[in-house]
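Remarks on the overall topology
What follows is the residue order along each chain.
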Amino acid sequence: MDRIAQGNETESRVIARRLVDARRQASALPQYPGTIPDSLDIGYACQDEAIAMWPSSIAGWKVGKIPDTWVDTLGEDRLVGPIFENRVQRPDDHRGTFAVIDGGFAAVEAEFIFVLAADAPAGKTDWTFEEAAALVECLRVGVEFAGSALPDINRLGPPVVVSDYGNNAGLVVGPVIADWQQRSMDALPCETFIEGVSVGTGRASSIPGGLLAALAFALGRCASRGLPLRAGQYVSTGAATGIHDIVAGQHARVEFPGFAVFEIDAVPAIAEIAA
């Protein structure tokens, strides 16, 4: 397949439209809808186009780890994708619903989530951990929904993941971890279950480089794109117990001992717009 030419805005827009329409039509895409991007910048060009097409504001950003086998080629070890306000759930009872596209990709992830207290400076692209921490209002627990109309999104590589909203389909936001800076990250465990079976364990220290590494990356990467983070936005720092596939009809439970137990029902996605 031919590659997308760098800066080919027209093709980026066409791909973005197809990806967004597939999500909103709840219709799986059997293959990538255009030339497969071969760099993160090309993937982000598609993501930028797709952000403008989504009928909701950005509530925050998910951070994902790029597999080690891709890092040398791509030059970065993480990626970001938008979390839209109309895909955020804040249930008092810690119950959530994940609308899954039949034939697409869907997974649940245990997440530690920063909330920002202030706007980040627009032109600041390099952040120390200390500078990033100073911008934090609080740390919360929650669950990210990873989802796409593309069943093979992860196999196709990080630039494809980036192009489709970073493979994000929503976020369930839970309680605050009080005094998070004084706590050992090893002492913040979590576990994910699918249909009552444990599929992964972890803790805040499971995030490579630590939670602040993910936050510092998001601050810098988003600023470099002209999208500096804003007060009140979330930064979901990474899959602490792993990425766990789920299909409609299944139930997930994500436990953060001492803070919350999330009960997640996966249900069939319903089209929001006509095909």
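Keep in mind that this is a model prediction, so the values were computed, not measured.

1. Points about the sheet that holds strand E9 (residues 197–203)
- Here we have five strands laid out as an open sheet, ordered E4-E13-E12-E8-E9, and mixed in their pairing. The open sheet has two edge strands, strand E4 (95–100) and E9, and neither has a second partner. Neighbour to neighbour, the strand axes of the sheet diverge by 20 degrees on average, direction disregarded.

2. Brief notes about helix H2 (residues 40–53)
- For H2, spanning 14 residues, the distance from its first C-alpha to its last is 20 Å, which sits close to the expected 20 Å at 1.5 Å a residue.
- The buried count for H2 comes to ten of 14 residues, which makes it a mostly enclosed element.
- All of the buried residues along H2 are Leu-40, Ile-42, Gly-43, Tyr-44, Cys-46, Gln-47, Glu-49, Ala-50, Ile-51 and Met-53.

3. Points about the pairing of strand E7 (residues 168–176)
- Among the nine residues of E7, seven are classified as buried, and the element is accordingly described as predominantly covered.
- As paired elements, strand E6 (residues 136–148) and E7 share six bridges and run antiparallel to each other. Each bridged residue has a counterpart across the sheet, and for Arg-140 the counterpart in E7 is Val-176.

4. Topic: the side chain of Arg-221
- Inspection of the secondary structure puts Arg-221 in helix H6 (residues 211–224).
- If sequence neighbours within four positions are ignored, Arg-221 has contacts with Leu-40, Asp-41, Tyr-44, Glu-76 and Val-80.

5. Describing the packing of aromatic side chains
- Counted by the stated rule, this structure contains seven aromatic pairs.
- Aromatic pair Phe-84 and Tyr-165: ring centres 5.0 Å apart, planes at 75 degrees, arrangement edge-to-face. Note that Phe-84 is positioned in strand E2 (residues 78–84) and Tyr-165 in the loop between helix H5 (158–163) and E7, a separation of 81 residues in sequence.
- You can call Phe-84 buried: its relative accessible area is 4%.
- Joined through ring pairs, the aromatic side chains of Trp-54, Phe-84 and Tyr-165 make up one cluster.
- Stacked on the ring of Trp-127, the Lys or Arg Lys-124 has its end atom at 5.0 Å from the ring centre.
- The side chain of Arg-253 reaches across the aromatic face of Phe-193, ending 4.0 Å from its centre.

Parameters and conventions
Residues numbered from 1 in each chain as written. Predicted model: local features only at pLDDT ≥ 70, side-chain atom pairs only at ≥ 80, totals over all residues. Heavy atoms only, no water. Pairing = 2+ DSSP bridges. Helix = DSSP H or I, 4+ residues; strand = E, 2+ residues; numbered from the N terminus. Axes fitted to C-alpha atoms, helices over the stretch in contact; angles between N-to-C directions. Expected span 1.5 Å × (residues − 1). Buried < 20%, exposed > 50% of the residue type's maximum accessible area, 1.4 Å probe, protein only. Contact = heavy atoms within 4.5 Å. Phe/Tyr/Trp six-rings, centres within 6.5 Å; stacked < 30°, edge-to-face > 60°. Lys NZ or Arg CZ within 6 Å of the ring centre and 35° of its normal.

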